[in-house]
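Residue-level listing of the chains:
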Amino acid sequence: MKAMWLVEPGRFELRDQPAYEFEADQVLVRIAYAGICPWDVRVYLGKKNVPLPRLMGHEASGIVTQVGKDVDHIRVGQRVAPDFIVKCGVCLNCRRGRANKCSNPRFPNGAYAEYAVLPHQNIHLLENATTSFESAAFMEPLACVFRGQKMLRLVPGETELVIGAGPIGLMHLQIARLFGARVMVADVLPERLALARQLGAHAILDNSNGDLKRAVMDWTNGCGADAAVVTVAASPVVLQAAECLGDGGRLNIFAGIYPVAPLPIDPNLIHYKELVLTGSADSTSQDMHAALHLIETGQVRVEELISHRLPLQQLPEGFEIVSKQQGLKVMIEIGGNLSP
Ligand SMILES: [Zn+2]
Ligand SMILES: [Zn+2]
């Protein structure tokens with residue numbers, strides 16, 4: 001099988017390797033599509049220290065081609081979305097429902113390959129025959145977004161500010177709407193704001209002049225936003241978001257920020273306005289399940305977020321596109337629209 005390994009920062013190598021062996025409780029999946037995640041791009045750019053070579057790709061869909069002998073609830077030919085982080089299931093965080101923060105996770109070989117092998121617990125089955133493989137490949141990023149939005153504890157009718165209208169911000173917009181919020185989306189790129197409008201933003205705010213606070217105050221009759229999420233990796237933007245919040249406002253810092261940059265925040269802002277600052281990272285199996293359901297029922301639209309479709313051989317080109325922030329989600333077509 002073909003697999004695209006990252007051998008050193010900035011350099012991929014397409015390898016032809018033997019088919020995977022698999023164990024009694026594992027499932028072999030032929031990969032249909034795999035999306036490029038900004039996390040992968042940070043590894044590619046050498047901004048994240050992980051052991052190389054590595055076969056990445058954790059936003060994928062595919063079809064089951066073999067199952068281990070102890071697996072009885074998954075059949076060959078089923079359409080699936082795999083979860084590419086194997087949680088230990090026994091650490092304190094796994095035991096208390098925070099498996100996204102498992103202290104002993106394993107990272108099996110990823111989806112930038114023709115096949116992947118995973119434990120049966122990591123396989124989410126598609127229920128709807130009309131769900132496209134491309135949209136199912138959004139399960140993982142949408143699960144992270146869903147988790148982040150839950151932390152904002154929205155009540156219907158509240159206002160939320162989403163900063164950044166990339167694929168992640170545009171998913172936040174849609175989940176916030178499902179929680180009943182009126183959503184403002186801020187970005188500096190007009191084409192991204194136009195898509196935010198199409199996907200249901202109640203207001204789009206041009207953040208290129210830097211006076212976001214005034215725009216938010218205008219739109220909320222001087223109250224400030226009830227909730228805000230920062231999807232761009234920049235410390236000053238976190239501060240900007242905090243200043244846009246009203247009394248009792250909640251802020252989610254959704255993007256990891258590298259290089260690390262401390263935040264000079266005025267504690268009185270938090271104290272007097274009773275702000276709640278949160279972060280969220282990764283997702284649990286429950287978040288994945290919920291996300292896939294939202295995709296399958298059409299409650300969240302993800303196909304519009306795809307700007308490029310490339311074959312596996314052109315994965316390096318896809319990484320360049322994402323690192324230069326050209327376009328939105330880059331989808332790698334591996335098996336394509338496989339049929340059972
Ligand atoms: Zn991802
Ligand atoms: Zn664990």
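Residues numbered from 1 in each chain as written. Chains lettered and ligands numbered in written order. Predicted model: local features only at pLDDT ≥ 70, side-chain atom pairs only at ≥ 80, totals over all residues. Heavy atoms only, no water.

A.B. asks: Explain unusual backbone geometry to me, please; I cannot follow it from the model alone.
C.D. replies: For residues that are not glycine, phi is negative in most cases, and the peptide bond is trans in most cases. With omega at 0°, the peptide bond leading from Leu52 into Pro53 counts as cis. Within the fold, Pro53 resides in the loop between helix 1 (38-44) and strand 4 (60-67). The amide bond that connects Tyr258 to the next residue, Pro259, takes the cis arrangement and shows omega of -10°. Relative to the elements of secondary structure, Pro259 occurs in the loop between strand 12 (245-253) and helix 9 (267-273). Unlike most non-glycine residues, Asp282 shows phi in positive territory, near 60°. On the accessibility criterion, Asp282 (35% relative accessible area) is partly exposed. (Helix = DSSP H or I, 4+ residues; strand = E, 2+ residues; numbered from the N terminus. Buried < 20%, exposed > 50% of the residue type's maximum accessible area, 1.4 Å probe, protein only.)

A.B. asks: Mind showing me how you'd approach the coordination of the zinc ion (ligand 1) here?
C.D. replies: For a metal bound by four donors in a tetrahedral arrangement, the ideal donor-metal-donor angle is 109.5 degrees, while six donors in an octahedral arrangement ideally sit at 90 or 180 degrees. At the metal site, the zinc ion (ligand 1) is ligated by Cys37 (SG), His58 (NE2), Glu59 (OE) and Glu140 (OE), and these contacts range over 2.2 to 2.7 Å. For the zinc ion (ligand 1), the four donor atoms in the first shell make angles of 90 to 174° at the metal, a pattern classed as irregular. Here the donor residues of the zinc ion (ligand 1) are spaced in sequence according to C-x20-H-E-x80-E. A residue pair is termed long-range when its members are at least 10 positions apart, and Glu59 in the loop between helix 1 and strand 4 and Glu140 in helix 4 (residues 139-151) qualify at 81 residues. The same class applies to Glu59 as to Glu140, namely buried. (Donors = N, O, S within 2.8 Å, 3.2 Å for Na, K, Ca; no water. Tetrahedral: all angles 85-135°; square planar, octahedral: opposite > 155°, others 65-115°.)

A.B. asks: Hey, could you run me through the pairing of strand 8 (residues 159-163) in this one?
C.D. replies: Where burial is concerned, most of strand 8 is hidden: five out of the five residues are buried. Residues of strand 8 alternate between two faces, with Thr159, Leu161 and Ile163 on one and Glu160 and Val162 on the opposite face, all of them buried. In the sheet, strand 8 pairs with strand 9 (residues 182-187) via five bridges, with the strands oriented parallel. Counted as the bridge partner of Thr159 is Arg182 from strand 9. Between the parallel pair strand 8 and strand 9, the chain is carried across by helix 5 (residues 167-178), and the sense of this crossover is right-handed. (Pairing = 2+ DSSP bridges. Right-handed = clockwise from strand over helix to strand, strands pointing away.)

Function cannot be inferred from these measures alone, as they are strictly geometric.
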